[in-house]
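Summary of structural features
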Amino acid sequence: MQIKTDFRSDTVTVPTPGMLAAMMNARVGDDVYGEDETVAELEHKLAGIFNMEAGLFCPSGTMTNQIAIKCFTQPMDEVICDQTAHVYRYEGGGIAYHSMASVRLLNGPRGILSPGLIAPEINEDNIHYPNSSLVVLENTVNKGGGACYTLDQIAPIYELCKENGLKLHLDGARVFNALVATGDNAYDYGQYFDGISVCLSKGLGAPVGSVLLGSKETINKARKIRKAFGGGMRQAGFLAAAGIFALDHHVTRLAVDHQHAVLLAEALNSVAYVEEVMPVETNIVIFKLAKGFTTAAVLGSLNDKGILCGTTGPDTIRFVTHLNITEEMMAAAIETIKELKPLRIM
Ligand SMILES: *Cc1c(COP(=O)(O)O)cnc(C)c1O
């Protein structure tokens, strides 16, 4: 059987032997009763890393984001985010369904927002307008090709939100990639955000789980909403142990994934079937095909050579690097990219 090199997402990683051992040895209890010490340890550890008061372990990043949005809005409110935002595009219409809020979509360069873009979209108090109550940022921006905010860009957005009484939530599914790329300190994030979602099952390589961080008051409310969403888990310490292991062992190595992404981008920049590669900042490479090449043809011929990746639009393809991509896989993938002769239709 041909071995597949899977660049579809950093969610495809499977636990390493060390991570599995940590899971097997986890001390667990019933977390809905508040008795799982490994879950508590993970929540406490991650809250400490980001200088937030408390954390809540959830089954998915979608759930952490949607719980946060529900915590920070009332029905009829409006959420401000970029038009590429995962919370808007890829969470099944959850904002409307769970929070009964409307969404104001902005158009940031590569999904990166700024006070200048946000300020004019904050509604004044007027009977006609929905109440603007929350801004959501995404770091890194998935659909922006892994583009990062620095803390210098985040601080003035926080100031704007504070002046106008809006909450600020971070969809930090890949926030550790951003931290590794920018050199910012996780600890400095806490002062700016009311909520932070962190995925353990993306680049960090845990099999399941995300953590929502916030104030004690927010997390108490979030815990109740998680129960209502059906996300209260029992002996979840086996999963939390994987998250703790990931935080201890898989953060600094994200730099390797970023180097791999640069190498893929260099190869893609050298071939005729690619028109443009978005600048690479982290572990995501998005590129646009040259005229006459279809995503079906390119994905098909890559797949024939054992390389899996996905599309982000009608003529754009995405590669995501992660900890299950080895040096050998990289070397083979680069050779394949350079030698590929996808069918051209015109
Ligand atoms: C993956 C992802 C999430 C959460 O996804 P789940 O699959 O629900 O864990 C949230 N935001 C972004 C930007 C993501 O890439």
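Above: the structure in question.
For the structure given in this document, a descriptive report is provided here. (Residues numbered from 1 in each chain as written. Predicted model: local features only at pLDDT ≥ 70, side-chain atom pairs only at ≥ 80, totals over all residues. Heavy atoms only, no water.)

Contacts to the ligand come from Ser60, Gly61, Thr62, Asn65, His86, Glu91, Glu138, Asn142, Asp171, Ala173, Arg174 and Lys202. One of the side-chain nitrogen or oxygen atoms of histidine 86 is found 3.4 Å away from a nitrogen atom of the ligand. Separating an oxygen atom of the ligand from a side-chain N or O atom of arginine 174 is a distance of 2.9 Å. In isolation the ligand offers 380 Å² of accessible surface; the protein chains occlude 84% of this area. When residues of the shell around the ligand are assigned to their parent elements, the largest contribution, 3 residues, is made by helix H3 (residues 61-72). Considering only residue class, the shell around the ligand consists of 1 nonpolar, 6 polar and 5 charged. (Near = heavy atom within 4 Å. Polar contact = N/O pair within 3.5 Å; in protein donor to acceptor, adjacent residues only side chain to side chain. Areas by Shrake-Rupley, 256 points an atom, 1.4 Å probe, with all protein chains shown as cover. Helix = DSSP H or I, 4+ residues; strand = E, 2+ residues; numbered from the N terminus. Nonpolar A, V, L, I, M, F, W, Y, C, P; charged D, E, K, R; others polar.)

To continue, consider the nonpolar core. Formed by 54 residues in total, the largest nonpolar core has its most connected members in Phe50, Leu137, Phe176 and Tyr189. Ranked by residue count, the leading element in this core is helix H7 (residues 151-163), at 7 residues. Grouped together as the second largest cluster of nonpolar side chains are 27 residues, Leu268, Val285, Phe293 and Leu302 included. (Core = buried A, V, L, I, M, F, W, Y, C linked by side-chain atoms within 4.5 Å. Buried < 20%, exposed > 50% of the residue type's maximum accessible area, 1.4 Å probe, protein only.)

Our focus in this paragraph is the side chain of aspartate 171. Position of aspartate 171 relative to the elements: it lies in strand S6 (residues 167-172). No salt bridge is formed by the buried aspartate 171. Its closest oppositely charged neighbour is lysine 202, at 6.6 Å. At a separation of 3.2 Å, a polar atom in the side chain of aspartate 171 contacts the main-chain amide nitrogen of alanine 173. Every residue in contact with aspartate 171, bar those within four places of it in the chain, is listed here: Asn65, His86, Val87, Glu91, Val136, Leu137, Glu138, Asn139 and Ser197. (Lys, Arg positive; Asp, Glu negative; His and termini not counted. Salt bridge = Lys/Arg side-chain N within 4 Å of Asp/Glu carboxyl O. Contact = heavy atoms within 4.5 Å.)

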